[in-house]
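Structural overview
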Amino acid sequence: MVKNLLIVTQKVDKDDQLLGFFIDWVSRFAQKFGKITILCLEKGEFNLPSNVRVLSLGKDRGAGKLKQLFTFYFLLFTLQKDYDAVFVHMNPIWVVLGGLSWRMMNKKIFLWYTHKSVTWKLKLAEKLANTIFTASSESFRLPSKKIIVTGHGIDTELFKPMIITDTEPRITTDKISGNQALNPRESVIKILSIGRIAEVKNYETLVRAAKILKDKDIGFSITMIGEPALKKDFVYEQKLKSLIDELGLRADFNFLGKINHRDLPLYYQSHNLFIHLSKTGSLDKAILEAMACGMNVLSSSDSARSFLPAELIFDENNVQELADKIKKTDEKEFSGQLRQYVVENHNLNKLIDKIAGLIIKK
C-alpha cells in the first residue's frame, strides 16, 4: 500500500494565476498520505501542511536546463526511500526522463494530463506510466487502456456565487493604455475571459463580435485576465490590441494581466457572462470556475458540448453567432444548473478522493 508520494510539477506558488490551484490539491493530498515530497521547477509562496516538503530544481534561481536535469536525477535517487509512488502533474517529459528509473525502483507512476496535444513525449509517457488521469474524454487524445477520467478539481467553497455589498467603485488598470480606470457597476453586459493570451485562445473572434455589439448600441464591457507566456504570445497580444484600436473598441476592453488564483472569484462574481473561445479542445478549468461562481457561460470548445445547453454553444469562427448569443444569453438565467453540474462532476474533494484512493490501492 502506498504511504508516501512524490509529486513532480512545474510550479508551487499560491499566487500563480494558472497553477496556484495546485496548492489546494497538495493540501488535500497531504491528508491522504504520510509524507509528500514535491519536485518543482519553480518554488514561490505557499503554506502547506508539515508533512509536505517542497524542493526546487532551480529554475527560480536561474539554473539552466542541464543543472535542473542533474538535480532531478540526484533527488530522484537520493530520496527514493521517501516515496512509494510518483504523481506527475501535466508535464509528460518527467515521466519520460524518470520512468525507467522509477520502474527499476518498483515505484508506480501516475500522470495527470489534460490537453488535446499528442506529442512524442506523451506517447512515451503513456508507455511508462501505470495510470493516466484526465479531466474529460476530450482532454486526452491518445488511445490507452490506462486512462481514468476523473473530472476537474474545482474548490466550490472558494468558487461560489456571492452578493457583493460594498459600494466602493473598483479601480482597474487598462493594460492597453496603461491608465487606471474606474470599473463601475453599470447596466451593461459585463463579459469576462480568463486564460493565457495566445493565438490558440481565439480572442480575435470575441473582438469582432464586440464590434457587432457596438454597432448595434448594445451596452457591454469586456475584462481580459491573463498574460502572454511565449514570445509568439506577446506578438499575438500586440496584434490583438491593434485590432481593438482599429475597430474603435479601446474603451470597451480592459486588460488586467495576471491575477492571483485566489483572487479570481471576485472577478467571476462581479461579471455576468464568461466567454470561452479556446481551441485546445480540452476542458479548461476557467469555464468550470465561472460556472461554479454562478456565471452564465458561452463556449466554442468541443469538450463543452457534452454538458452545456445548445443555447450556450457557438461555432468558434462564427462572429455573428457569438454576438447574437451574447445578447440572447444575457436575457436568460442558467447559473443554477451550471453550478450544480460543477458541484456534482468537478468537485475538488471528490477528485482528490478518487485519485488518492487509486494511487493507494496500487
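These remarks concern the structure in this document. (Residues numbered from 1 in each chain as written. Predicted model: local features only at pLDDT ≥ 70, side-chain atom pairs only at ≥ 80, totals over all residues. Heavy atoms only, no water.)

**Quick notes on the overall build of the protein**
To keep things clear, this is the line we draw: Helix and strand definitions follow DSSP, with helices as H or I runs of at least four residues and strands as E runs of at least two, each counted in order from the N terminus. Note that the radius of gyration is over C-alpha atoms, with the globule rule given as 2.2 Å times the number of residues to the power 0.38. Residue burial is assigned from relative accessible area. The probe radius is 1.4 Å, only protein chains are included, and a residue is buried under 20% of its type maximum, exposed over 50%, and partly exposed in between.
Across its full length, the protein carries 11 helices and 14 strands. Relative to its length of 362 residues, the protein is compact, with a C-alpha radius of gyration of 21 Å against a globular reference of 21 Å. With the C-alpha coordinates of the protein rotated into their principal frame, the extents come out at 65 × 40 × 40 Å. Buried positions account for 56% of the 362 residues belonging to the protein.

**Looking at the sheet that holds strand β11 (residues 220-225)**
Our working definition: By definition, two strands form a pair when at least two bridges between them are found by DSSP. Where helices are involved, their axes are fitted lines through C-alpha atoms of the stretch in contact, as for all axes, and angles between N-to-C directions lie from 0 to 180°.
Sheet architecture is open: 5 strands sit in the order β12-β11-β10-β13-β14, paired in parallel fashion. On the outer flanks of this sheet lie β12 (253-257) and β14 (296-299), each paired with one strand and no other. Averaged over all pairs of adjacent strands, the angle between their axes in this sheet comes to 25 degrees, without regard to strand direction. Pairing of strand β10 (residues 189-194) with strand β13 (residues 273-276) involves 2 bridges; the strand directions are parallel. Across the sheet, Leu192 pairs through a bridge with Phe274, a residue of β13.

**Concerning the pattern of salt bridges**
Short version of the rule: A side-chain nitrogen of Lys or Arg and a carboxyl oxygen of Asp or Glu constitute a salt bridge if their distance falls within 4 Å.
Evaluation of the coordinates by the stated rule reveals 19 salt bridges. A salt bridge links Lys35 to Asp82; its shortest N-O distance comes to 3.5 Å. Remark: Asp82 occurs in the loop between α2 (65-78) and β4 (85-89) and Lys35 occurs in strand β2 (residues 35-43); sequence separation between them is 47 residues. Owing to a relative accessible area of 34%, Lys35 belongs among the partly exposed residues under this scheme. Asp302 serves as the salt-bridge partner of Arg305, at 3.8 Å between the closest nitrogen and oxygen. Note on Asp302: relative accessible area 47%, which makes it partly exposed. If you follow the salt bridges from partner to partner, you end up with Lys11, Asp16 and Lys258 in one network.

**Description of the sheet that holds strand β1 (residues 4-12)**
Spelled out, the test is: The contact definition used throughout considers only heavy atoms, calling two residues in contact when any of these lie within 4.5 Å.
Judged by pairing direction, the sheet is parallel, and its 7 strands sit side by side in the order β3-β2-β1-β4-β5-β6-β7 without closing on themselves. Each of the sheet's edge strands pairs with one partner strand only, and the pair in question is β3 (52-56) and β7 (147-149). With strand direction ignored, the average angle separating the axes of adjacent strands in the sheet is 20 degrees. In terms of strand pairing, β2 meets β3 through 5 bridges, oriented parallel. For Cys40, the partnering residue across the bridge sits in β3 and is Ser56. In the packing of helix α3 (residues 93-104) onto the sheet, the strands contacted are β1, β2, β4 and β5 (108-112), and the crossing angle to β5 comes to about 165 degrees.

**Here's the deal with the packing of helix α8 (residues 285-292) against helix α10 (residues 335-345)**
Two quantities define a packed helix pair, namely the angle between the axes and the distance from one axis to the other. This is how it is decided: Convention used here: angles under 35 degrees read as roughly parallel, angles over 145 as roughly antiparallel, angles from 65 to 115 as roughly perpendicular, and any remaining angle as oblique. Crossing handedness follows the turn of the near helix against the far one: under a right angle anticlockwise gives a left-handed crossing, and clockwise gives a right-handed one. Note on residue classes: Ala, Val, Leu, Ile, Met, Phe, Trp, Tyr, Cys and Pro are nonpolar, Asp, Glu, Lys and Arg are charged, and everything else, Gly too, is polar.
Contact pair α8 / α10: the axes reach a minimum separation of 7 Å and the direction vectors enclose 125 degrees. When the axes of α8 and α10 are compared, the pair comes out oblique. In terms of crossing hand, the pair formed by α8 and α10 is left-handed. Across the interface between the two elements, Leu288, Met291 and Ala292 of α8 pack against Ser335, Leu338, Arg339, Tyr341 and Val342 of α10. When its residues are assigned to classes, the contact of α8 with α10 shows 6 nonpolar, 1 polar and 1 charged.

**Quick look at the packing of aromatic side chains**
Definition in use: Think of it this way: a Phe, Tyr or Trp ring, Trp meaning its six-membered ring, pairs with another when their centres are within 6.5 Å, and the plane angle makes it stacked under 30 degrees, edge-to-face over 60, tilted otherwise. For a ring to carry a charge above it, either NZ of a lysine or CZ of an arginine must fall within 6 Å of the ring centroid while also lying within 35 degrees of the normal to the ring plane.
Counting across every chain of the model gives 17 aromatic pairs. The rings of Phe29, Phe33, Phe87, Phe110 and Phe133 are connected pair by pair, giving a single aromatic cluster. Above the ring of Tyr83, the side-chain terminus of Lys107 is found at 4.9 Å from the ring centroid. Here the basic side chain of Lys241 rests over the ring of Phe255, its NZ or CZ set 5.1 Å away from the ring centre.

**What about the side chain of Asp16?**
Put simply, the rule is: Any pair of nitrogen or oxygen atoms within 3.5 Å is treated as a polar contact; in protein, a donor-acceptor pairing is required on top of that, and neighbouring residues in sequence qualify only through side-chain atoms on both sides.
Among the secondary structure elements, Asp16 is positioned in the loop between β1 and α1 (22-29). According to the relative accessible area criterion, Asp16 is buried, its value standing at 7%. Looking at Asp16, its side chain comes within polar contact range of the main-chain nitrogen of Leu18, at 3.0 Å. In contact with Asp16, not counting residues within four places along its chain, are Lys11, Lys258 and His261.

**A look at the environment of Pro309**
Along the chain, the position of Pro309 falls in the loop between β14 and α9 (319-329). Given the relative accessible area of 18%, Pro309 is considered buried. Expressed as a C-alpha distance, the spacing of Pro309 and Leu338, which sit 29 residues apart in the sequence, is 9.6 Å. Discounting chain neighbours no more than four positions away, the residues touching Pro309 are Phe334, Gln337 and Leu338.

**Observations concerning the nonpolar core**
In globular proteins that are soluble, nonpolar side chains generally tend to be buried together. Note the following rule: Buried Ala, Val, Leu, Ile, Met, Phe, Trp, Tyr and Cys residues that are joined via side-chain atoms within 4.5 Å together make up what is termed a nonpolar core.
Formed by 61 residues in total, the largest nonpolar core has its most connected members in Tyr268, Phe274, Ile275, Leu308 and Ile326. Broken down by element, the residue count for this core peaks at 7 residues, all from helix α5 (residues 203-215). Filtering out sequence-adjacent residues up to four positions away, Tyr268 remains in contact with Phe159, Leu192, Ile194, Phe274, Ala286, Glu289, Ala290, Cys293 and Met295.

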